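Fold and contact review
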Amino acid sequence: ADTWANDPNSPANDLVASTTYMKVLLESVFTLAPAGHNPECFRLYEAVEAGSIPVISLDNNYKEHKCKDSLSHWLDSPIVIIESWSEVIPTLQKLLEDPEAL
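Residues numbered from 1 in each chain as written. Predicted model: local features only at pLDDT ≥ 70, side-chain atom pairs only at ≥ 80, totals over all residues. Heavy atoms only, no water.

**Some words on the nonpolar core**
Judged by nonpolar contacts, Ala33, Cys41, Leu44, Ile56, Leu58, Tyr62, Leu71, Trp74 and Ile79 together constitute the single largest core of nine residues. Excluding residues that lie within four positions of it along the chain, Ile56 makes contacts with Ala33, Leu44, Leu71, Leu75, Ile79, Val80, Ile81, Ile82 and Trp85. Phe30, Val55, Ile82 and Val88 belong to the second-largest nonpolar core, a separate cluster that totals eight residues. (Core = buried A, V, L, I, M, F, W, Y, C linked by side-chain atoms within 4.5 Å. Buried < 20%, exposed > 50% of the residue type's maximum accessible area, 1.4 Å probe, protein only. Contact = heavy atoms within 4.5 Å.)

**Digging into the state of the cysteines**
Tallied over the full model, the rule gives zero disulfides. With no disulfide of its own, Cys41 lies closest to Cys67 among cysteine sulfurs, the gap being 13 Å. Using a relative accessible area of 6% as the deciding quantity, one classes Cys41 as buried. Cys67 sits in the partly exposed class, given a relative accessible area of 27%. (Disulfide = S-S within 2.5 Å.)

**As for the side chain of Asp59**
Mapped onto the elements, Asp59 comes out in the loop between strand S2 (53–57) and helix H3 (60–63). Given the relative accessible area of 14%, Asp59 is considered buried. Apart from residues no more than four positions distant in its own chain, Asp59 is found in contact with Glu83, Ser84 and Trp85. (Helix = DSSP H or I, 4+ residues; strand = E, 2+ residues; numbered from the N terminus.)

**Observations concerning the packing of helix H1 (residues 18–27) against helix H2 (residues 42–50)**
In contact at an axis separation of 8 Å, H1 and H2 are set at 65° when each is read in the N-to-C sense. Crossing angle aside, the handedness with which H1 passes H2 is right-handed. Of the residues in H2, those touching H1 at Tyr21, Leu25 and Leu26 are Arg43, Glu46 and Ala50. Residues belonging to the contact of H1 with H2 are distributed by class as follows: four nonpolar, no polar and two charged. (Axes fitted to C-alpha atoms, helices over the stretch in contact; angles between N-to-C directions. Left-handed = near helix turned anticlockwise from the far one by under 90°. Nonpolar A, V, L, I, M, F, W, Y, C, P; charged D, E, K, R; others polar.)

**Let's talk about the packing of aromatic side chains**
Scanning the entire structure with this criterion turns up one aromatic pair. On the numbers, 5.3 Å between centres and 80° between planes, the contact of Tyr45 with Trp74 is edge-to-face. One end of the pair, Tyr45, is in helix H2; the other, Trp74, is in the loop between H3 and strand S3 (80–82), with 29 residues separating them in the sequence. The class of Trp74 is buried, set by a relative accessible area of 9%. The ring of Phe42 has Arg43 lying over it, and the distance from NZ or CZ to the ring centre is 4.8 Å. (Phe/Tyr/Trp six-rings, centres within 6.5 Å; stacked < 30°, edge-to-face > 60°. Lys NZ or Arg CZ within 6 Å of the ring centre and 35° of its normal.)

**Describing the environment of Cys67**
Considering the arrangement of structural elements, one finds Cys67 in the loop between H3 and S3. Residues Cys67 and His37, spaced 30 residues apart in sequence, show a C-alpha to C-alpha distance of 8.8 Å.

Right, dumping it as structure tokens:
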């Protein structure tokens, strides 16, 4: 196909425009990066490029994923790693209250 099926910049859909998405990333301290087809998803790279801290969860979806080793080089990097998405809000609130921890 010459174009994507859903052009995010088309006014005919309800997707976020690329420029809006980029602005949100640039203004975000954290970026959630849930696993998609692969745990090492594009959101990790988009977050880092924008200066935002990626947040990943090593939950059961990750532990059972056939490509879980794709994150091995990220595990020692300065990102936020949680065990469950239910931990995301209290974990990020705690970090925001303690800028030294960031």
